[in-house]
Amino acid sequence: LYKTQAPRVLPTILLVGPSGGGKTSLLTLFATGHPSQTQTSQSPQSAICQTPSSTSTSSDRYRSENDTSARDQPTFTLLDTPGHGKLRHHALSSLNSTSALKGLIFVLDSAAVSSAANLTEAAEYLHDILLLLQKRHTGAKTSKNAQPIPVLIAANKQDVFTSLPAGLIKQRLEAEITKVRATRSKGLMDSGVGMEGDVGGGSEDAEWLGEFGSAAFGFEQMRECDVEVSVVGGNVRGEGGKGGKVEGWWEWVGGVV
Ligand code: GTP
Ligand code: MG
């Protein structure tokens, strides 16, 4: 008599990035429509969100222009993780354990990355995340794990006057990841991993992010393993308590869920 619907796992988007970038603020904004006061996160938390009706979604491609029926805006789970260096295992393990993972948002403070130390920290974290996605793709035994995982780098806090624009942040991150990649590979060689005659050789290029042996890293090198990286500016909080500017991020979400 009653039809029971099979429980559907909602598509999940994972929030990652250095501490203070604005992940939890973005979570509350996406879930409730306004950002609330946050404290540095100590554990992951999730919220169910729905794309606003102004956002076009991937299913709109199949919709007739003359179709005036109400649109069904997609719902998804947003999973926030703590950015503190000692708590990043939460993000890294969620990356491998989350079913229905559709994409990743790497949130960073666009003003903070003008300091060399903060830029290095962000680039190291991003390098490790991208390398995990690359390994997930190369090691995929089932087509489920081989699904493309797009990454949005949300260049947050564009309202702060010392913030760098998204284009510049992209360049600086690529240049810094080039350095991180070289340092990591030197570390591996010094420790003897990937040396000739090593059991299970070839580990050296498995640990290398992007095109093996390339002089400079570029995000387009991630396409090889179905990871499309976009860098889009915005701000969760607006000037003088006004609402923020997050349309560009919603557009990205609409294309992913
Ligand atoms: P962790 O939990 O430590 O990983 O940090 P987080 O990424 O969750 O950062 P959180 O959302 O707690 O934000 C850190 C601080 O930045 C808070 O004081 C926010 O109010 C502030 N903030 C977030 N987004 C913006 C923004 O767009 N502009 C400005 N000016 N401040 C922002
Ligand atoms: Mg937080």
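Residues numbered from 1 in each chain as written. Chains lettered and ligands numbered in written order. Predicted model: local features only at pLDDT ≥ 70, side-chain atom pairs only at ≥ 80, totals over all residues. Heavy atoms only, no water.

Peer 1: Got a minute to help me understand the site of ligand 1 in this structure?
Peer 2: Around ligand 1 sit 20 residues in total, of which Ser 19, Lys 23, Ser 25, Thr 38 and Thr 40 are the nearest. One of the backbone nitrogen or oxygen atoms of Val 236 is found 2.8 Å away from an oxygen atom of ligand 1. Protein contact buries 84% of the 660 Å² of open area that ligand 1 shows by itself. Each residue belonging to the shell around ligand 1 can be placed in one class, and the counts come to four nonpolar, twelve polar and four charged. (Near = heavy atom within 4 Å. Polar contact = N/O pair within 3.5 Å; in protein donor to acceptor, adjacent residues only side chain to side chain. Areas by Shrake-Rupley, 256 points an atom, 1.4 Å probe, with all protein chains shown as cover. Nonpolar A, V, L, I, M, F, W, Y, C, P; charged D, E, K, R; others polar.)

Peer 1: Explain the side chain of Ser 25 here, please?
Peer 2: Positionally, Ser 25 belongs in helix α1 (residues 23-32). Residue classification places Ser 25 among the buried positions, given a relative accessible area of 11%. Apart from residues no more than four positions distant in its own chain, Ser 25 is found in contact with Pro 35, Thr 38 and Val 236. (Helix = DSSP H or I, 4+ residues; strand = E, 2+ residues; numbered from the N terminus. Buried < 20%, exposed > 50% of the residue type's maximum accessible area, 1.4 Å probe, protein only. Contact = heavy atoms within 4.5 Å.)

Peer 1: Would you explain the coordination of the magnesium ion (ligand 2) in this entry?
Peer 2: Metal coordination angles have textbook ideals: 109.5 degrees for a tetrahedral set of four donors and 90 or 180 degrees for an octahedral set of six. The coordination sphere of the magnesium ion (ligand 2), as far as protein atoms go, consists of Thr 24 (OG1) and Ser 41 (OG), spread over 2.0 to 2.1 Å. In this pair, Thr 24 is assigned in helix α1 and Ser 41 in the loop between α1 and β2 (45-50), connecting sequence segments 17 residues apart. An identical accessibility class is assigned to Thr 24 and Ser 41; each is buried. (Donors = N, O, S within 2.8 Å, 3.2 Å for Na, K, Ca; no water.)

Peer 1: Can you help me understand the sheet that holds strand β4 (residues 101-109) in this one?
Peer 2: Remark on secondary structure: sheet strands pair via backbone hydrogen bonds, oriented parallel or antiparallel. Read across the open sheet, the six strands follow the order β2-β3-β1-β4-β5-β6; overall the sheet is mixed. Where the open sheet ends on each side, the last strands, each with one partner, are β2 and β6 (229-233). Direction aside, the axes of adjacent strands within the sheet are offset by 25 degrees on average. By the bridge criterion, four bridges tie strand β1 (residues 12-16) to strand β3 (residues 75-80) in an arrangement that is parallel. Looking across to β3, one finds that Leu 15 is bridged to Asp 80. Set on the sheet, α1 makes contact with β1, β2, β3 and β4; between it and β2 the angle comes to about 35 degrees. Packed on one face of the sheet, helix α3 (residues 116-138) meets β1, β4, β5 (151-156) and β6 and runs near 170 degrees to β4. (Pairing = 2+ DSSP bridges. Axes fitted to C-alpha atoms, helices over the stretch in contact; angles between N-to-C directions.)

Peer 1: What's the story with the nonpolar core in this structure? I'm lost.
Peer 2: Burial of nonpolar side chains together is a common tendency in soluble globular proteins. Counting 37 residues, the largest nonpolar core has Leu 104, Leu 130, Ile 153, Leu 173 and Phe 219 as the members making the most contacts within it. Where this core is concerned, the elements lending two or more residues are β1, α2 (89-97), β4, α3, β5, α4 (166-191) and β6. The dominant element in this core, judged by the number of residues it contributes, is α3, at nine residues. Here Leu 173 is in contact with Leu 108, Leu 119, Ala 122, Ala 123, Leu 126, Ile 153 and Phe 219, once residues within four sequence places are set aside. Counting 22 residues, the second-largest nonpolar core is a separate cluster that includes Leu 26, Phe 30, Cys 49 and Phe 76. (Core = buried A, V, L, I, M, F, W, Y, C linked by side-chain atoms within 4.5 Å.)

Peer 1: I keep staring at the packing of aromatic side chains and nothing clicks. Help me out?
Peer 2: For the structure shown, the criterion picks out five aromatic pairs. Relative to Tyr 125, the ring of Phe 106 has its centre 5.8 Å away and its plane inclined at 65 degrees; by these criteria the two rings are edge-to-face. Taken together, the residues span a long stretch of sequence, with Phe 106 in strand β4 and Tyr 125 in helix α3 at a distance of 19 residues. Seen from their ring centres, Trp 208 and Phe 212 are 5.7 Å apart, and the 85 degrees between their planes marks the pair as edge-to-face. The exposure class of Trp 208 is buried, given its relative accessible area of 12%. Judged by relative accessible area, Phe 212 falls into the partly exposed class, the value being 48%. Taken together, the ring pairs in this structure connect Phe 30, Phe 76 and Trp 250 into an aromatic cluster. Seen from the ring of Tyr 125, Arg 88 lies directly overhead, with NZ or CZ sitting 4.1 Å from the centre. (Phe/Tyr/Trp six-rings, centres within 6.5 Å; stacked < 30°, edge-to-face > 60°. Lys NZ or Arg CZ within 6 Å of the ring centre and 35° of its normal.)

Peer 1: Would you take a moment to explain the pattern of salt bridges for this structure?
Peer 2: For side chains of opposite charge, pairing can occur when their charged atoms come near one another. With the rule as written, the count across this model stands at eight salt bridges. Residue Arg 184 is joined to Asp 128 by a salt bridge in which the shortest nitrogen-to-oxygen separation is 2.5 Å. Note that Arg 184 is positioned in helix α4 and Asp 128 in helix α3, a separation of 56 residues in sequence. Overall, Arg 184 belongs to the partly exposed group, its relative accessible area being 33%. (Salt bridge = Lys/Arg side-chain N within 4 Å of Asp/Glu carboxyl O.)

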